[in-house]
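# Reading the structure
Each chain, written out:
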Amino acid sequence: AEYLLTGCSDNTVKLFDCRQSNDENAQYKKWLVEGEVEKVKWNPNEKYHFAVGTNGGKVYYFDSCTTEPLWSVDAHEQEITDMAFNTTTKNAFTTASVDNYLKVWNMNESACNLVHSQHCKVAKVYCLDACPENNWIVGIGGDKRKRNFVVTNLLDNEEVKKGFEVADAGMEAE
């Protein structure tokens, strides 16, 4: 289906059905969260699930078919600037924040637990994205003048390897 997920500074997340785009009275589904919405991201592993990051550092995880979040977690000290779902290890979830940290979480439909926290050394982190060929390799962008971009392999960290039972930090075999 054709859906548009939006986050607003009025603490709302809205899901629009774009098939009704010519209708001025088009309906949308709405959720309220604590704080201004900074980021929304669909989970590519779960068709109806999405995450919401707020300016207070909280992450909410929703099933679009329900009215309440499946879980929420106080993920960071400041606003969430980006999030990434791992498509090869479906319970791995990464968040970034202007608090200078990247965090790796082990999540499912009922809970989210911190596996690893890493200071990024790029000052405030504004974006992150995973390599399509190996989701454990992430690029991180920040506002530090002389070092504003870093690429890191999350599997270089023992906590991450143990937390997701991954044996080798190298590229995954195809």
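That block above? That's the structure.
A short tour of the structure in this document, coming up. The residue numbering used here restarts from 1 in each chain and proceeds along that chain's sequence as written. In keeping with the predicted nature of the model, local features appear solely for residues at pLDDT of at least 70, side-chain atom pairs appear and are counted solely at 80 or more, and the whole-chain, interface and lining totals rest on all residues. Each side-chain value is worked out from all heavy atoms of the structure, with water and hydrogens disregarded.

Moving on, we get to the pattern of salt bridges. Note on pairing: side chains with opposite charge can pair once their charged atoms come close. One speaks of a salt bridge when a side-chain nitrogen belonging to Lys or Arg is within 4 Å of a carboxyl oxygen belonging to Asp or Glu. Evaluated as defined, the whole model comprises three salt bridges. Of the charged contacts in the structure, one is a salt bridge between Lys-39 and Asp-82, with a shortest N-O distance of 3.5 Å. Separated by 43 residues along the polypeptide, Lys-39 in strand 4 (residues 37–42) and Asp-82 in strand 8 (residues 80–85) bring together distant segments of the chain. Here the term buried applies to any residue with accessible area under 20% of the maximum for its type, exposed to any over 50%, and partly exposed to those in between, with areas from a 1.4 Å probe on protein chains only. Look at Lys-39 and you get partly exposed, because its relative accessible area is 25%. A salt bridge links Lys-161 to Glu-158; the nearest nitrogen and oxygen atoms lie 3.1 Å apart. Taken as a pair, Lys-161 and Glu-158 lie in helix 1 (residues 158–163) at a separation of three residues, close to a single helical turn. Classification of Lys-161 as buried rests on a relative accessible area of 16%. Accessibility expressed as a relative area gives 46% for Glu-158, which makes it partly exposed. When salt bridges that share partners are traced, they join Lys-39, Lys-41 and Asp-82 into one network. Numbering of helices and strands runs from the N terminus, with a helix taken as a DSSP run of H or I at least four residues long and a strand as a DSSP run of E at least two residues long.

What follows covers unusual backbone geometry. Even without a glycine there, the phi angle at Asn-11 is positive, about 70°. Along the polypeptide, Asn-11 turns up in the loop between strand 1 (3–7) and strand 2 (12–17). The exposure class of Asn-11 is partly exposed, given its relative accessible area of 25%. With phi around 60°, Lys-121 is a residue other than glycine that occupies positive phi space.

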